[in-house]
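Per-entry structural report
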Amino acid sequence: MSRPRSDAERNRARLLDVAVDLFAEHGDQVQMGEVARAAQVGVGTLYRHFPTRQALVEAVAEQRFSEILAFAENECLPNPDTRAALTCFLTHVAQMHQTGRGLSGAIEATFGSTAPRGPLAVELLAIGDTLIRRGHADGTVRADITVDDLYMLVGALAMISRGDVGDWRRFIDIILDGIAPR
């Protein structure tokens, strides 16, 4: 298979950047034509890269989860203090949902959930599992806490920060105190 032309790569990147901004601002109300106009490309160019609205939202979601994964790997995991590493990860997730409320809404409207899917979901679970196992080993996380518990709490945190229904920073403190040994 041949490599995409550089102008095609630039168009795809511009379409994704514009879609992220539009979804963040307008949520699920964004139409494909709006994305093409804002990216200053033809609708045909948009549909060549993203044949359906679902494909566009999926690419936007994948980009978001890739960014969360990269942040967790580069900024959170290297911190040897498990509580600080968990705080870093949870804070970043909350900030992503708070600043991207409309984007979260578009992802949820398209897929029924804002949870990551596919290989990125597996990689993000592995990050959480690493943090939980580190916490078990250094005594900062209760022995009965699992990665599934962590992601249940991440889901609640995402809903709080996205919905602006409480102080998500305080909720992070409650999470961390709740998973700490008694």
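Details of the structure are given in the entry above.
Anyway, here's the lowdown on the structure attached to this text. Residue numbers restart at each chain and count upward from 1, following the sequence in its written direction. The predicted nature of this model means local features are confined to residues of pLDDT at least 70 and side-chain atom pairs, given and counted, to a pLDDT of 80 or more, with totals for whole chains, interfaces and linings taken over all residues. The basis for every side-chain value is the complete set of non-hydrogen atoms in the structure, without hydrogens or water.

With a 1 Å grid spanning the protein atoms alone, the term cavity applies to any set of points in which a 1.4 Å probe fits but cannot get out, the term pocket to an open set with protein on both sides within 12 Å along at least five of seven lines, and the term lining residue to any residue with an atom within 4 Å of a point. Grid points are joined across faces, edges and corners, and a volume is the space filled by probe spheres set on the points. When its volume is computed, the largest pocket comes out at roughly 330 Å³. Lining the largest pocket we find 19 residues, and of these Thr 114, Ala 115, Pro 116, Tyr 151 and Val 154 sit closest to its centre. By definition, any uninterrupted DSSP run of H or I lasting at least four residues is a helix, any uninterrupted run of E lasting at least two residues is a strand, and each is numbered from the N terminus. For the lining of the largest pocket, the secondary-structure elements that each account for two or more residues are helix H4 (53-76), helix H5 (82-99), helix H7 (118-138) and helix H8 (147-163). Looking at the lining of the largest pocket, the element that brings in the most residues is H8, giving six residues. Partitioned by chemical class, the residues of the lining of the largest pocket number 13 nonpolar, four polar and two charged. Quantified by volume, the second largest pocket comes out at close to 160 Å³. Lining the second largest pocket are 13 residues, with Glu 58, Glu 62, Arg 117, Gly 118 and Leu 120 positioned closest to its centre. All residues other than Ala, Val, Leu, Ile, Met, Phe, Trp, Tyr, Cys, Pro, Asp, Glu, Lys and Arg, Gly among them, are scored as polar; the first ten of these are nonpolar and the last four charged.

Moving on, we come to the packing of aromatic side chains. Classification of ring pairs uses Phe, Tyr and Trp, with its six-membered ring standing for Trp, and accepts pairs whose centres are within 6.5 Å; under 30 degrees between planes counts as stacked, over 60 as edge-to-face, and the remaining range as tilted. Tallied over the full model, the rule gives one aromatic pair. Arranged with centres 6.3 Å apart and planes meeting at 75 degrees, the rings of Phe 89 and Tyr 151 form a pair that is edge-to-face. Placement of the pair is Phe 89 in helix H5 and Tyr 151 in helix H8, with a sequence separation of 62 residues. The partly exposed category is assigned to Tyr 151, whose relative accessible area is 22%. The classification of residues rests on relative accessible area computed with a 1.4 Å probe and restricted to protein chains. Under 20% of the type maximum is buried, over 50% is exposed, and intermediate values are partly exposed.

Oppositely charged side chains can form a pair if their charged atoms are brought close together. Salt bridge criterion: a side-chain nitrogen from Lys or Arg within 4 Å of a carboxyl oxygen from Asp or Glu. By the definition in use, this model includes seven salt bridges. Of the charged contacts, one joins Asp 177 and Arg 83 as a salt bridge, the two residues approaching to 3.1 Å between their closest N and O atoms. Taken together, the positions of Asp 177 in helix H9 (residues 168-179) and Arg 83 in helix H5 put the pair 94 residues apart, joining distant regions of the chain. The exposure class assigned to Asp 177 is exposed, which follows from its relative accessible area of 52%. Judged by its relative accessible area of 32%, Arg 83 is partly exposed. Between Glu 108 and Arg 162 there is a salt bridge whose closest N-O contact spans 3.4 Å. One end of the pair, Glu 108, is in helix H6 (residues 101-111); the other, Arg 162, is in helix H8, with 54 residues separating them in the sequence.

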